[in-house]
Amino acid sequence: MKHTLPQHVQQLQPYQPIQGMYDIRLDANESYFRLKSAQLHKIQDLMAVVPFNRYPDPYATTVCKKFATMHRIDPDSVVAGNGSDELIGLLASVFFGKQDKVAVFEHDFSMYRLYMETFGVNCVTLPKRADLTIDVDQTIQAVQDQQISALLFSNPCNPTSLGLNRDDVLKLIQSVDALVIVDEAYMDFWDQSILDIADQYENLIVLKTCSKAIGLAGIRLGFAISNQQYIQAFKATKAPYNLNQMTQLIAEVILSDPDYLEQTKDILVAGTRALYADLCDLADEYPFIEQVYPTCTNFVFMKVVKAKELQDALLDASIAVRVMGDYLRITCGNPEENQQLIQTLSQIFKESV
Ligand SMILES: *Cc1c(COP(=O)(O)O)cnc(C)c1O
């Protein structure tokens, strides 16, 4: 046959989230809130009049406007993607050439490197401090010394749940001769966003998602916010009808309800704080938990002894969490789910002593 897959594609593996039926899902950082029945009815009413035989709005204009209004930013600085995943994929596939070097941090969202590798982009790793925080001065130095063309990181970070404050992020953007892409997937849970100035820099792109605090992982919707040059590039290279009609319709309803979003976010933040405190108490009691990291997201990251075994023991109790090397990442569930997790963990530890 005249065709062989490129070598680097042959070696790629499909993404494998935890599959199977588990009673308690604390592994994907989703919101545990389901839509209210009033919201579902509104969606149903709108569905009845949507012309599904027609293509959707290619630029999801109404959705982008609602998002911009919610964050008090210019709608022209926003482009919508089929999940921020699509936008990260676009970045990797069309924003870089052979001469470019893209930097990601060790202990950050694994999809960044995966997308870069998929599209053959040269991707280097920058270290974080031993405590998993970002050393801004050292990072600036590394970006300049290694002639890096772009730096991509999540803030707050998935998986560490640690955040870099706004002043440090601004210093980073202003001090490097490189494009800085800040993924604020979890910034709804913290207060150090730079979204308001995302279109004011020549070298900045901010990413947002509706999959976490907004509670719409199922509809696949994310945003990039930047200056006109980059927004234009996203618009020109994305699939023309990347956001399907259902996604646009549902987003229009939910993004019109900022009070609801504020309320659910506050509950998730309080729940995560309580989960963090309970895990710290467990860590005091049992040496199996070596360290619980402070959290500015809707999940808790902790270093444990025998992480894989612990994850398996939790799976046996029908509780799914993420394992990453020596660490567990646990999403905040509803109060009953969190309590079930804490009880199961202490049971496991008791039996292991
Ligand atoms: C969950 C997550 C996303 C969201 O991806 P979507 O494709 O919008 O669901 C993006 N970045 C980070 C760091 C995440 O954890």
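Residues numbered from 1 in each chain as written. Predicted model: local features only at pLDDT ≥ 70, side-chain atom pairs only at ≥ 80, totals over all residues. Heavy atoms only, no water.

## Describing the overall build of the chain
This is how the line gets drawn: For the purposes of this entry, the term helix denotes a DSSP run of H or I that reaches at least four residues, the term strand denotes a run of E that reaches at least two, and both are numbered from the N terminus. We compute the radius of gyration from the C-alpha atoms alone; for a globule the expected value is 2.2 Å times N to the 0.38, where N is the number of residues. To be clear on the numbers: accessible area is Shrake-Rupley with a 1.4 Å probe, and residue cover counts the displayed protein chains and nothing else.
Each helix and strand in the chain was counted, giving twelve helices and 13 strands. Taking 2.2 N^0.38 as the reference for a compact globule, 353 residues should give roughly 20 Å; the C-alpha atoms of the chain span a radius of gyration of 21 Å, in line with that estimate. Oriented by its inertia axes, the alpha-carbon framework of the chain measures out at about 60 × 55 × 55 Å. Of the roughly 17200 Å² of accessible surface on the chain, a fraction of 49% belongs to carbon and sulfur atoms.

## Remarks on the pairing of strand β13 (residues 327–331)
This is how it is decided: Relative accessibility thresholds used throughout: buried, under 20% of the residue-type maximum; exposed, over 50%; partly exposed, between the two (1.4 Å probe, protein chains only). When DSSP locates at least two bridges between a pair of strands, those strands are taken to pair.
Of all five residues in β13, five are buried, a share of seventy percent or more. Residues Y327, R329 and T331 line one face of β13 and the alternating positions L328 and I330 line the opposite face, and both faces are buried. Looking at chain direction, strand β10 (residues 299–304) and β13 are connected through five bridges and run antiparallel. Bridging from a neighbouring strand, M302 pairs with L328 of β13. Between strand β12 (residues 322–324) and β13, which pair antiparallel and follow one another directly, the connecting turn spans two residues, one of which, G325, has a positive phi of 60°.

## Observations regarding the pairing of strand β4 (residues 122–126)
How we decide: Handedness rule for crossovers: strands pointing away from the viewer, path from the first strand over the helix to the second running clockwise, crossover right-handed.
Here five bridges tie strand β3 (residues 101–105) to β4, and the two strands are oriented parallel to one another. Each residue of the ladder has a partner; that of V104, found in β4, is T125. In this view, the connection linking β3 to its parallel neighbour β4 by way of helix α5 (residues 110–118) has right-handed handedness.

## Digging into the site of the ligand
Quick reminder of the rule: The rule for a residue being near a molecule or strand is that one of its heavy atoms must lie within 4 Å of it. Two N or O atoms form a polar contact when they lie within 3.5 Å of each other; inside protein one atom must be a possible hydrogen donor and the other a possible acceptor, and for residues adjacent in sequence the pair counts only when both atoms belong to side chains. Ten residues, namely Ala, Val, Leu, Ile, Met, Phe, Trp, Tyr, Cys and Pro, are considered nonpolar, four, namely Asp, Glu, Lys and Arg, are considered charged, and the remaining ones, Gly among them, are considered polar.
Taken together, 14 residues are adjacent to the ligand, and D183, T209, S211, K212 and R220 come closest. In this structure, an oxygen atom belonging to the ligand sits 2.6 Å away from a side-chain N or O atom of T209. In the model, an oxygen atom of the ligand is placed 2.6 Å from a nitrogen or oxygen of the S211 side chain. Protein contacts shield 93% of the accessible area of the ligand, which totals 390 Å² for the unbound molecule. Counted by class, the shell around the ligand contains four nonpolar, six polar and four charged residues.

## Side note on the pattern of salt bridges
Put simply, the test is: Here, a salt bridge means any side-chain nitrogen of Lys or Arg that lies within 4 Å of a carboxyl oxygen of Asp or Glu.
Taken as a whole, this structure holds eleven salt bridges when the rule is applied. Of the charged contacts, one joins R113 and E117 as a salt bridge, the two residues approaching to 3.3 Å between their closest N and O atoms. Taken together, the positions of R113 and E117, both in helix α5 and four residues apart, correspond to about one turn of that helix. Measuring nitrogen to oxygen at the nearest pair gives 3.1 Å for the salt bridge that ties D188 to K208.

## Overview of the sheet that holds strand β6 (residues 179–183)
The strands making up a sheet associate through backbone hydrogen bonding, with each pair oriented either parallel or antiparallel. Put simply, the test is: An axis is simply a line fitted to the C-alpha atoms; with a helix, the fit covers only the stretch in contact. Between two such axes, the angle follows the N-to-C directions and lies from 0 to 180 degrees. Contact between two residues is taken to exist if any of their heavy atoms lie within 4.5 Å; hydrogens are not considered.
Pairing is mixed across the open sheet formed by seven strands, whose spatial order is β2-β8-β7-β6-β5-β3-β4. Edge positions in the sheet fall to β2 (78–81) and β4, since each of these pairs with one other strand and no more. For this sheet, the mean inter-axis angle between neighbouring strands, taken without regard to orientation, is 20°. Pairing geometry for β2 and strand β8 (residues 222–226), over four bridges, is antiparallel. The residue bridging G81 from the neighbouring strand is G222, located in β8. Lying over the sheet, helix α4 (residues 84–94) contacts β2, β6, β7 (204–209) and β8, oriented at roughly 150° with respect to β7.

## Focus: helix α10 (residues 258–285)
This is how it is decided: A helix is expected to span 1.5 Å multiplied by its residue count minus one.
Its 28 residues give α10 an end-to-end C-alpha distance of 41 Å, which sits within 8% of 40 Å, the value for a rise of 1.5 Å per residue. Among the residues of α10, Y260, L261, T264, K265, L268, V269, G271, T272, L275, L279 and L282 are the ones counted as buried.

## A closer look at the nonpolar core
Grouped burial of nonpolar side chains is what soluble globular proteins tend to show. How we decide: By nonpolar core we mean a set of buried residues, namely Ala, Val, Leu, Ile, Met, Phe, Trp, Tyr and Cys, connected to one another through side-chain atoms within 4.5 Å.
F153, I194, L221 and F223 are the most contacted members of the largest nonpolar core, which has 54 residues in total. Among the elements that line this core, the one with the most residues is helix α9 (residues 245–254), at five residues. Core analysis: the second largest hydrophobic core is formed by 26 residues, L91, A92, M111 and M116 among them.

## Some details on a negative patch on the surface
Rule in force here: Patches were defined on residues exceeding 30% relative accessible area and lacking a salt bridge, with like-charge contacts within 9 Å and nonpolar side-chain contacts (Val, Leu, Ile, Met, Phe, Trp, Tyr) within 5 Å. In summary, the charge assignment counts Lys and Arg as positive and Asp and Glu as negative, without counting His or the chain termini. Charge placement uses NZ in Lys and CZ in Arg. For Asp and Glu, CG and CD serve respectively.
A cluster of like negative charges, contributed by D278, D281, D284 and E285, occupies part of the molecular surface. Residue placement: D284 occurs in helix α10. Here D284 falls in the exposed class, since its relative accessible area comes to 67%.

## Quick notes on the state of the cysteines
The condition that has to hold: Throughout, a disulfide means two cysteine sulfur atoms within 2.5 Å of one another.
Counting across every chain of the model gives zero disulfides. Summary of cysteine pairing: C280 is not part of a disulfide, and the nearest cysteine sulfur, belonging to C296, is at 14 Å. Taking the relative accessible area as the measure of exposure, C280 reaches 22% and is therefore partly exposed. Cysteine C296 remains unbridged, with the sulfur of C157 as its closest cysteine sulfur at 9.4 Å.

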